[in-house]
Amino acid sequence: MPHKIGFIVVSSSGHEDGFSAKELMVHAPTVNGWRSPRLCQYPQEIVLQLVERCRIRKLQLLAHQYMISSKIEFYISESLPEYFAPYQSERFHRLGYVPLSDNEKTGFKARELKSVYMDAVGQYLKLIFHKNYVNKYNLYSQVALVAINIIGDPADYSNDSNNNPSREKLIDHYLGSKSDDPALDGTYLGKPDFISPLDDLAFDMYQDPEVAQIIRRLDEKKREAVHHERYDYAKKLKQAIADLQKVGERLGRYEVEKRYAVEKEDYDLAKKKKQQMEAYRLKVYQQLQLHNLLDAELMIRKPAELPLESMIYANIKATNSPSCEQMEPQKEEVWNAESLLEEKAGQSASPERAFPRQSSPPAVAHPTTSREAFPKENVEFLPYDERPLPAVRKHSEEAITYLEPEMTEGDINNPPRSGIPGEPEPLTEKALREASPAIEVFGEALVSGAYSKTWSYREDALLAVYQKLMEMSVSTPKEDLKNMMRAAIFLVRRAIKDIVSSVFQASLKLLKMIVTQYIPKHKLGKQETSHCVEKTLPSLLSRTGDSSSRLRLVASNFIQEMALCSEVKPLQIVPVHLVQPLKPNSPIHLAMSQVELVECLLKDMGTENSGFTISNVMKFATAALEHRVYEVRDVSLRIIFDMYRKHKAAILEYLPPDDASIRKTVLYKTLFDGFAKIDGKLSDAEIRAQKKAATEEAEKQKKEEIKVLQDQLAALKEIQAEVQAGKERESDFQKPKDQGYPVNRSPQSAATEIPDDHSSVANYLDNLCIFCGERDESFTDEGLDLHYWKHCPMLTRCEHCRQVVEIASLTEHLLTECDKKDSFGKCQRCSEALPKDELPKHIKSKICNAAKPEQVANHCPLCHDNFAPGEEAWKSHLMGKDGCKMNPRRLPTINKTLLVQPACSLELGRIYDCAVSSPAKQN
C-alpha cells in the first residue's frame, strides 16, 4: 500500500539565510521550511530526488501563513540532465498546478495544508512557485513552503504486484484468505490505495520526533500481534498508540514554546519548558515500561539501522543544539544534582520510587551495565529514562540508583540534602563566573549556600548577609560599603525568584533593610537607592503573577510599601515601572496585580510629582481596557473614574469620542455613563427611560383629547340637528316679521349664526388645515395629505428621511427623531442642528445668528432670524407678506384669505358654546 517516500533536495533557485530548501527534508513541529530570497524574481524552483523510482499517489504541501505563492506547478522526470543550469525542460513532464488561498479570511494566522492526488511515475519532482499574494506582512514579496510530504509506492513493486501475482497470493485469493488480511490489520482498511495516518504530514508536523518513532514501532508490533492473534496485546498497543499521540502533540507544543522563548531571549521560560518536557517524557516512558510496552530494542539502535527520516531528525537536533563537548559538563552537573546514591542497599528507595528490577532492563538498575551495554555514541538515541545516570560516588555493586522525583509543594519544606552533610554543595563553574562579585565580598562558602539546592542553606545565607550588613561600621570606606550593598542586591535578586516561601520572604527582609536602614545609615545617596530598586523591581513584579495567592499578596504589599517609603518615593521609579502598558494576552494574575497596584498607589500618591502623570496612567488604563479578563477591565474602569473625578475633561483626550457608534461597545457605554453619573447628569439609559415615559404620557393624553373632541363633535352634530329642526318650525312667522321690520341684532345673536353659514360642524372641521388654517372643499383625507406634503407653508419635508414635519420643530426632529440623527449635532450658539463634520468649522467661524431664549424670541431654522415669541408669531413669520424669505411655500398663500384660525380645543369649545346658546335665544 502507499507509504511515505523519503527524498533529498537536489537544487533550488535560491533561499533566504537560515531557510534553506534542505529544511524540507525534515518533518517536525519546529522546522522553518524553505523561504525564497527577498525581492526575488519569479518563478522560483525546487528539485527533489526520491529515494527510488516511485509511483506518486499523493502530495501534501504545508504553506506559510502569509508568504504564499499564487500557484505551484508540478513536473516529474525519470532522470536529471547532466548539468543543472539551465534545466532541460523537455526532460520533465508537467503534471499540473494547484492554486493556494490568499489566507485573508484567517487573518494570516493559519497555515494551509494542501493535498494533491495524482498517479505519476518518476524519481525527480520539480516544484515551480509563482508570484506571491500581496499582503501587509509580506514586506519583501517572498514565497515559502514549510513542509512537503510525498506518498506513493515503489514503481517496480507496484507493477509486479499488479501484473504478476505470486502463486501464494493466487491460492490465498481463491481460498478467501491471505496473510495480510484486512480483518487482521488495525490500520489497513482493505483498500490497495489506503494511506496510513502515521504517514500523513499532519502526524509528523505536530508530533515530537522521538515519540513519533515509538508510535511507528508500536504500530508495527500491533500488526505483528494481530497477525499472531494476540488480540489482548494488540488492544493494549492500540490504546498506548492513542495515548502516545496526545503525548507527542503536547511535547511538540512544548518544543515550539521553548523555541519561541529562546528567540525572545526569555531563558527562564525556555528552561521551564525544557524541564516540563523532560519530566513529562520520563513519566510517560515509566508508564510504558510498567506495562512492558517500551523495551530497549524500540529505541536502542545504531544510527545505521535507523530509517532515513530518523537520521534526519538526529542531524537536525545536533545542528540546532550546542556541541557535545560544550554540553557535557552541564549534563554532568544536572545529573549530579538530580541523582542520589544510597549508602546501603537495605536503605534504598521505596518501591514507588525505584524501578522494579523484574520489569526494567538492566540498563536502569546498574549504571555499570548500562555503560557496557550501550556505547557512548548511542546514548542520545536512548529513551530518557534508559540513559545511564552518573552517580555522586560509588559504594558497592549492589547500590541502586533512582531518579529524584519532581518536587511538589509538600516536598519543598523537606527536600533531600545532597553533597557533604552539614555543608552546601560546591559551586559549579557557571555559578562561579556568575557570582564572582559576590564571592569577592562575602566569600565562596556563603555564596555557595545562596546557590544551594537545599532551601535551608539558601535562607541561612540571606540571613548571614543581613547580619553582616547590620554590623557594618560607619567608618568603613564608602567604596567597600557600596560593593557590599551591590553584592547583597545580586543575591537578593536571585532569591526573589525562589519558589520556597521562607527564602522569598528572607530576600524581602534583606532588601527592606538595605533600602530603609543600610543606605540612610551610611549616607550612600539616592544613586544607590535607585540601583537597588531598579535591579529588584522587575523580579518583584514578576512574583505578583505567582500561582500562590499568598506569595502574590506578599509581593504586592512589599512593592506598595517600598513605593511609599521616604527613601524611594522621591525617585518615582515604582510608578514608572507599574504604568508600562499591559499586553491583551498577559497572564491573569500578573495583570490583576499590576492594575490593583496602580489603583492603590494612585490614590495614595496622586499625579503631582509622583511618577504618575495623566498621560502615562491613561495610556496604561486604556490598554488594560483591552485585556481579555473581565476583572482586569473592571479595575481599569475604576482607575479611569478616579482620574476623571480629579482631572475631568483632561482625560477625555485619551478616550474615543462619545457618540452612538462608540456606545455600541458595552465597555465604553459603561465608561461614559459613569462620567455622566460623576457629573451629576443622567445617563443615556436614564434619559431614554424618561423620554419614553414622557412619550407614553403624551400619547395617552393625546388619545384622551381625541376621545373628548370626538364626543364634543357628536354632541355638536346632535345640537345642530335640533337647531335646524326648530328653525324650520318657526320659519313661517319669523320671515314676515323680519321682512316688515328690520331688527338690530346684538353681537351675541350674530355669533349664533356661525353654524348657519356651514352645512355642518363636521364639514367645518374636515375641510380645514389645522396648521395654516386654509379651508378648501378638496381637503378630503387624500386632499389634506397632498396639501401637507406639497403646499402647507407651516410644514416642510426633511431632506434626510423625507418625513413631513413642522418648521418650528425641524431642529428637534433632526436631533432626536430623524433616521440620520446620529450624524447631527447642536450648535450651542444658534441652537440649530448641523452635520457633525461641519459643526467644528461652524462653531469656530462664529458667524451664525445667536438664538435668544424661547420666552424672548423664536428662532427660524430656515432663515436663521429671531422674531417675536409665541405660536401665532410662527404663523405670521412663515405665511406673512414680510415673513420668512427662505420658505418656498409662503408665496402661494400670501394673497389667500384665512378663513378661520387653526382648529384647537378652544375653538371647538367656542363653537360648542354658540351651538348650545342658539336654541335658548330662539326660544
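Quick caveat, the model's predicted, so the values are computed rather than measured.

Let's shift gears to the overall build of the protein chain. Along the backbone of the protein chain there are 34 helices and 16 strands. Within the protein chain, the fraction of its 923 residues that count as buried is 41%. Once local pairs closer than 6 in sequence are excluded, the contacts in the protein chain between residues at least 24 apart make up 66%. Surface accessibility of the protein chain: about 52800 Å² in total, with carbon and sulfur atoms responsible for 52%.

What follows is about unusual backbone geometry. Negative phi characterises most residues that are not glycine, and trans characterises most peptide bonds. Omega for the peptide link from Tyr42 to Pro43 comes to 5°, which places this bond in the cis form. Summarising the element assignment, Pro43 is placed in the loop between strand S3 (34–35) and strand S4 (44–63). At Asn103, a residue that is not glycine, the phi angle is positive and equals roughly 70°. Within the element layout of this structure, Asn103 appears in the loop between strand S6 (93–99) and strand S7 (113–129).

So, on to the packing of helix H16 (residues 455–470) against helix H17 (residues 478–496). Packing of H16 against H17 brings their axes to within 11 Å, and their N-to-C directions diverge by 155°. Comparing the axis directions of H16 and H17 gives the class roughly antiparallel. Here H16 and H17 pass one another in a crossing that is left-handed. For the pair formed by H16 and H17, the contact residues are Leu462, Val465 and Leu469 on the first element and Met484, Ala488, Leu491 and Ala495 on the second.

The grouping of Lys271, Lys430, Arg433 and Lys453 at the surface amounts to a positive patch. For Lys271, the position within the fold is in helix H6 (residues 267–290).

Okay, the packing of aromatic side chains next. Inspection of every chain in the model, using the stated rule, returns eight aromatic pairs. Between the aromatic rings of Tyr66 and Tyr137, the centroid separation amounts to 5.9 Å while the plane-to-plane angle is 40°, which identifies the pairing as tilted. Pair noted here: Tyr66 is in the loop between S4 and strand S5 (71–77) and Tyr137 is in the loop between S7 and strand S8 (144–154), with a separation of 71 residues, a long-range link. Over the face of the ring belonging to Tyr280 we find Arg250, whose NZ or CZ atom lies 4.2 Å from the ring centre.

Inspection of every chain in the model, using the stated rule, returns 27 salt bridges. One network of salt bridges, in which partners are shared, links Lys4, Asp204 and Arg216.

Before going further, it helps to spend a moment on helix H18 (residues 501–522). With 22 residues, H18 should cover 32 Å at 1.5 Å per step; its first-to-last C-alpha distance of 30 Å lies within 8% of that length. At Ile514, H18 shows its largest kink, close to 40°. Phi for Lys523, located one or two positions after H18, is positive at around 55°.

Counting 89 residues, the largest nonpolar core has Ile514, Tyr518 and Val574 as the members making the most contacts within it. A total of 11 residues in this core trace back to one element, the largest contributor, which is H18. Excluding residues that lie within four positions of it along the chain, Val574 makes contacts with Val533, Leu537, Ile559, Met562, Ala563, Val568 and Leu601. With 30 residues, the next largest nonpolar core counts Cys54, Leu59, Phe74 and Val98 among its residues.

So, on to the confidence of the model for the protein chain. Per-residue confidence for the protein chain gives a mean pLDDT of 75; residues scoring 70 or more make up 72%. At the level of individual helices and strands, the protein chain shows its lowest average pLDDT in strand S9 (residues 339–341), which scores 29, and its highest in S3, which scores 93. In this model, residues 157–190 is a region of pLDDT below 50 whose contacts with residues beyond four sequence positions or in other chains number 28 contacts. Contacts for the low-pLDDT stretch residues 737–759, under 50 throughout, to residues beyond four places or in other chains number 14 contacts.

Our next topic: the pairing of S4. For S4, the tally of buried residues reaches 15 of 20 residues, placing the bulk of the element in the interior. Looking at chain direction, strand S2 (residues 7–12) and S4 are connected through five bridges and run antiparallel. Among the inter-strand pairings, Ser12 is bridged to a residue of S4, identified as Ile46. Pairing between S4 and S8: nine bridges, direction antiparallel. Each bridged residue has a counterpart across the sheet, and for Leu61 the counterpart in S8 is Ile148.

What follows concerns the state of the cysteines. Scanning the entire structure with this criterion turns up zero disulfides. Summary of cysteine pairing: Cys848 is not part of a disulfide, and the nearest cysteine sulfur, belonging to Cys830, is at 4.0 Å.

Attention now moves to helix H20 (residues 549–564). Counted at 1.5 Å a residue, the expected span for H20 with its 16 residues is 22 Å, and the 23 Å between its end C-alpha atoms agrees. If you check which residues of H20 are buried, you get Leu551, Arg552, Ala555, Ser556, Phe558, Ile559, Met562 and Ala563. Down the axis, H20 shows its buried residues gathered within 160° of arc, on one side only. Where H20 is buried, its residues contact H18, helix H19 (526–543), helix H21 (573–578) and helix H22 (588–605).

Further remarks concern the environment of Lys885. As for its placement among the helices and strands, Lys885 is situated in the loop between helix H33 (871–879) and helix H34 (905–922). Taking relative accessible area as the criterion, Lys885 reaches 60% and is therefore assigned exposed. Expressed as a C-alpha distance, the spacing of Lys885 and Cys863, which sit 22 residues apart in the sequence, is 6.8 Å.

At their nearest, the axes of H22 and helix H23 (residues 614–624) sit 12 Å apart, and the two run at 145° to each other. The hand of the H22/H23 crossing is left-handed. Here H22 contributes Gln594, Val595, Val598 and Leu602 to the contact with H23, which in turn contributes Val617, Phe620 and Ala624. Its residues assigned to classes, the contact of H22 with H23 comprises six nonpolar, one polar and no charged.

With that settled, consider a nonpolar patch on the surface. Judged by side-chain polarity, Leu39, Leu139 and Tyr140 come together as a nonpolar surface patch covering roughly 330 Å² of accessible area. By the element assignment, Tyr140 lies in the loop between S7 and S8.

Procedures and definitions
Chains are numbered independently. Their residues run from 1 in the order of the written sequence. Totals for whole chains, interfaces and linings use every residue, but because this is a predicted model, local features are given only for residues with pLDDT of at least 70 and side-chain atom pairs only at 80 or more, for both listing and counting. Side-chain figures throughout are based on the complete set of non-hydrogen atoms in the structure, without hydrogens or water. What counts as a helix is a DSSP run of H or I of at least four residues, what counts as a strand is a run of E of at least two, and both are numbered from the N terminus. Here's how the labels work: a residue is buried when its accessible area is under 20% of the maximum for its type, exposed when over 50%, partly exposed in between, all with a 1.4 Å probe on protein chains only. Note on contacts: a residue pair qualifies if any of its non-hydrogen atoms lie within 4.5 Å across the two residues. Only the protein chains shown count as cover for residues, and the accessible areas themselves come from Shrake-Rupley with a 1.4 Å probe. Orientation is described by lines fitted to C-alpha atoms, with helices fitted over the stretch in contact, and by angles between N-to-C directions that extend from 0 to 180 degrees. Any angle that falls under 35 degrees is termed roughly parallel, while one over 145 is termed roughly antiparallel, one within 65 to 115 roughly perpendicular, and all others oblique. For a crossing to be left-handed, the near helix must be turned anticlockwise from the far one by less than a right angle; the clockwise case is right-handed. Each patch is built from residues that are more than 30% exposed by relative accessible area and take part in no salt bridge. Like charges join if they lie within 9 Å; nonpolar side chains (Val, Leu, Ile, Met, Phe, Trp, Tyr) join within 5 Å. By definition here, a salt bridge exists when the distance from a side-chain nitrogen of Lys or Arg to a carboxyl oxygen of Asp or Glu is within 4 Å. For the purpose of counting charges, residues Lys and Arg are taken to be positive, whereas Asp and Glu are taken to be negative. His and the chain ends are not included. Charge placement uses NZ in Lys and CZ in Arg. For Asp and Glu, CG and CD serve respectively. The rule is short: rings of Phe, Tyr and Trp, with Trp giving its six-membered ring, pair when the centres are within 6.5 Å, and they are stacked under 30 degrees, edge-to-face over 60, tilted in between. We count a charge as sitting over a ring when the NZ of a lysine or the CZ of an arginine lies within 6 Å of the ring centre and within 35 degrees of the ring normal. Any helix carries an expected span of 1.5 Å times its number of residues minus one. The angle between axes fitted to the seven-residue stretch ending at a residue and the seven-residue stretch beginning at it gives the bend at that residue. Side-chain atoms within 4.5 Å are what join buried Ala, Val, Leu, Ile, Met, Phe, Trp, Tyr and Cys residues into a set we call a nonpolar core. pLDDT gives the predictor's per-residue confidence on a scale running from 0 to 100. DSSP-based pairing: two strands are paired if at least 2 bridges between them are found. Two cysteine sulfur atoms form a disulfide, by the criterion used here, when they sit within 2.5 Å. Arc definition: it is the arc formed by the directions from the helix axis to the C-beta atoms. Throughout this entry, Asp, Glu, Lys and Arg are counted as charged residues, while Ala, Val, Leu, Ile, Met, Phe, Trp, Tyr, Cys and Pro are counted as nonpolar. The remaining residues, Gly among them, count as polar.

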